[in-house]
Each structure stands twice: as C-alpha cells, then as structure tokens.
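So the chains spell out like this:
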Amino acid sequence: MEQEKTLSINKPRFFKLKKKLFKIINKGSDDYFFVFDVIRKKKRTRVVYDFSDTPFLFNEKWLEDCDFYFKAQFPKGLESGFFSVEDLFEYRYPYFVIRNKNKIKPSLIGIRNLGNNIDFDKMRKKYISIIKSSTMNKNIKDKFFIYFGSDQYDERVFKDNYYDEGFFYSKLSDKKSHPNKFRGDVVRWFQSDKNSYCYLGSESIGNYISLSEYHSKLSRYHYNINVSGFRYSIPNRFMDSFITNTRVLTDNLYIKWYVDFSDYVYEYGEVGYKKQSDLDKKSIYKRIECADKYFEERDNNINKFFNDYLSPKSFAKYVLSHC
C-alpha cells in the first residue's frame, strides 16, 4: 500500500525572537496590537503589528509613534483616502491615517489555534503538528469544505457606536442584509452533495470538528469556501487553507496581503450586504461549482507558495526587510 504523503516543511527554522534583536514594548493582546522595537546595528525601528479585524480603523497613538505599521487587514485603495465597498458606502480616513499612510504596510492574518500568546516554543510545536497532520493525498471526490459556526448576527451591528465602527453600518439599517445570512444559504445548498463537508453550528447541520482535528480534516478537500462577514476582513480560514495545501473560494475581497495569492484564491462574486432577494444565488453557486476551470492554468503548488511567502520565517524576513 502506498504510504500517504504529508506536506513538506522547510524544517522548523523559525525566525526566533532574540532578546538582542527585539524588544517587546507592548504585547497588546487585549487591543489587537503587538508593538516592538527592532534593533539592528544600533538603529532602533519601532514596528506595530495590527491584527484587528477592521480594515479601515487604525490606532492613532501607535501609528503616530511607529516607523512601520503592518496591518493584517490592509484595505485596498488606501492611497485614495477612502474605504469603499460595493458602491454602498464610503468611509473617509481621518487625517492622521492619510498623513502616515506611507508607514502602513500590508501584512497577513495568522493560523488558527497556534495559541493566544507569543511563546515561541509552544507556537512552533503547534505549527509543526498542523503540518504533520495534513495530507497531500486529496481524494478527487472530496471537493468543498464549508465550515461556519453560525449564520446569525447581532442586530446591534446596525446601531450607532455599538461597535467602534457602528456608525459605518448604521446607515444601512433595514436597507440591506447582513452578510452572515448567506453563509447559511451556502451550507444548505451544498449539504446534499456527498462530496462536500458542510457544517453550520447555528442549525446543527453537519458534525462539529475539534480544533485538534480541524486542519487534518480540511487538508483532504480541494476547496475551502469563505463568505466575508461584518467587517469584510480576511479570516484565519485563508491561512488554514494555505498551510494545508487547500485553495480558497471567496466572495469579492476588499483586503490585500503583501504577496499576491490569486493563483490559489478564486473570487466568485459580490455578496456582502446586498439584500438576499437581490442576490442571484444560482449564478453564484454555479460559479463556485466551476472553480476548477479558473485554476486550470494557475500554479498548483500551494505548499511551496506557503513555505516561500507565508511561513513564519518568510513573514519575519518581510518585516525585517523594512527595518
């Protein structure tokens, strides 16, 4: 019997945080910021890693104070001075963002379940275990992986200042639908397909997967389907896919990373805040089902792409290239 092949890894040569090179200023786990100084050749560079979900909000204090501000949810079109979505609404960035926009750099979001701290050894151990548990032996029949906790949402999303960005959505009110609603539709559409793995927690559709099994299960499927939520942010779902050699099918994105991933990500159209009744759902599902055609002439070595550009060592090199 042929032995199952697992994903390759450029050995665990992480770019380890050394005390002489890095000085952590503020771990920022409560505020979704890491702030640290990089000290090289007696030169100090203050770096901020903003991993908050909201693409159009920035921390004024840290943006003013830093040399480089790496934004995990980097908004497309920042140079225009506006965050615009679907021709539905437009947000003008405050002056402190425009004044410091050259400091702001695209970044990425991390892999889920590495841990909620910056303990290097613990994160490395978990990172390696995820890769070892993943397989390159994808069954041709195991096509779509669709895993959403819920299609529900807090109605207070549309209330002024309930969230910091509440003002941004309050104008929509009942004129539009919350994007989470479409998640449930996708699951229900594909749940009868025996070649798809579907889960929707709010309706108990499918079987729950524990975090310890999640990446191993995902790695057996060709496509991981994403539907953007409240803030249009890119979720962990993308990195979970890339590390397990899986492509992503998503609605249109308003975020970009520091490296182009279009060879491995297919945007199937606009969903967002459109009214459910205004969506041509059958057309969207058809485009999802035809994803194979999009990827026919594109690079298929996701494993190499991850190792070369998105692995912890590669990301560390990218950050240090600015310092």
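Use the structure listed above.
Residues numbered from 1 in each chain as written. Predicted model: local features only at pLDDT ≥ 70, side-chain atom pairs only at ≥ 80, totals over all residues. Heavy atoms only, no water.

By secondary structure assignment, the location of Y254 is in the loop between β11 (247–250) and β12 (265–267). Y254 gets classed as buried once you look at its relative accessible area, which sits at 14%. Along the backbone, Y254 and K76 are 178 residues apart, and their C-alpha atoms lie at a distance of 5.6 Å. Among the polar contacts made by the side chain of Y254, one reaches the side chain of E270 at a distance of 2.7 Å. (Helix = DSSP H or I, 4+ residues; strand = E, 2+ residues; numbered from the N terminus. Buried < 20%, exposed > 50% of the residue type's maximum accessible area, 1.4 Å probe, protein only. Polar contact = N/O pair within 3.5 Å; in protein donor to acceptor, adjacent residues only side chain to side chain.)

Glancing now at helix α3 (residues 120–133). Over its 14 residues, α3 extends 20 Å from the first C-alpha to the last, a length consistent with the 20 Å expected when each residue adds 1.5 Å. Listing the buried residues of α3 in full gives F120, Y127, I128, I130 and I131. End-on view of α3: buried residues confined to an arc of 155 degrees, all on one side of the axis. Away from the buried face of α3 by more than 90 degrees, exposed residues K122, K125 and K132 are located. For α3, the secondary structure elements touched by its buried residues are α6 (211–218), α7 (236–243), α10 (302–310) and α11 (312–320). (Expected span 1.5 Å × (residues − 1). Arc of directions from axis to C-beta. Contact = heavy atoms within 4.5 Å.)

Moving on to the pattern of salt bridges. All told, the structure shown has 13 salt bridges when counted by the stated rule. Note that R46 and D37 form a salt bridge whose closest N and O atoms lie 2.8 Å from each other. The exposure class assigned to D37 is buried, which follows from its relative accessible area of 5%. Note that D65 and R46 form a salt bridge whose closest N and O atoms lie 2.7 Å from each other. Within this pair, whereas D65 is found in helix α1 (residues 60–65), its partner R46 is found in strand β3 (residues 43–50), the two being separated by 19 residues in sequence. (Salt bridge = Lys/Arg side-chain N within 4 Å of Asp/Glu carboxyl O.)

Moving on: the nonpolar core. With 39 residues, the main nonpolar core has F238, M239, F242, W257, F261 and L310 as its most contacted residues. Taken together, the elements giving at least two residues each to this core come down to β2 (33–40), β3, β4 (68–71), α3, α7, α10 and α11. If we ignore the near neighbours within four places in the chain, the residues touching F238 are N226, V248, T250, L253, W257, F261 and V265. (Core = buried A, V, L, I, M, F, W, Y, C linked by side-chain atoms within 4.5 Å.)

With that out of the way, let us pick up unusual backbone geometry. Phi is positive for S204, which is not a glycine, with a value near 55 degrees. Along the chain, S204 turns up in the loop between β9 (196–200) and α6. Residue classification places S204 among the exposed residues on the basis of a relative accessible area of 63%. For Y232, which is not glycine, the phi dihedral falls at a positive 65 degrees. By the element assignment, Y232 lies in the loop between β10 (223–226) and α7. The exposure class assigned to Y232 is buried, which follows from its relative accessible area of 2%.

So, on to the pairing of β4. Here β4 shows no split at all, with F68 and F70 on one side and Y69 and K71 on the other all buried. Inspection of the sheet shows β3 paired to β4 by 4 bridges, in the parallel sense. The residue bridging D50 from the neighbouring strand is K71, located in β4. In this fold, the crossover linking β3 to β4 by way of α1 has right-handed handedness. Pairing geometry for β4 and strand β7 (residues 104–106), over 3 bridges, is parallel. (Pairing = 2+ DSSP bridges. Right-handed = clockwise from strand over helix to strand, strands pointing away.)

Glancing now at the packing of α10 against α11. Closest axis-to-axis distance for the α10/α11 pair is 5 Å, and the angle between their directions is 35 degrees. Counted together, N307, D308, Y309 and L310 of α10 and P312, S314 and F315 of α11 form the full contact between these two elements. For the contact of α10 with α11, the per-class residue count stands at 4 nonpolar, 2 polar and 1 charged. (Axes fitted to C-alpha atoms, helices over the stretch in contact; angles between N-to-C directions. Nonpolar A, V, L, I, M, F, W, Y, C, P; charged D, E, K, R; others polar.)

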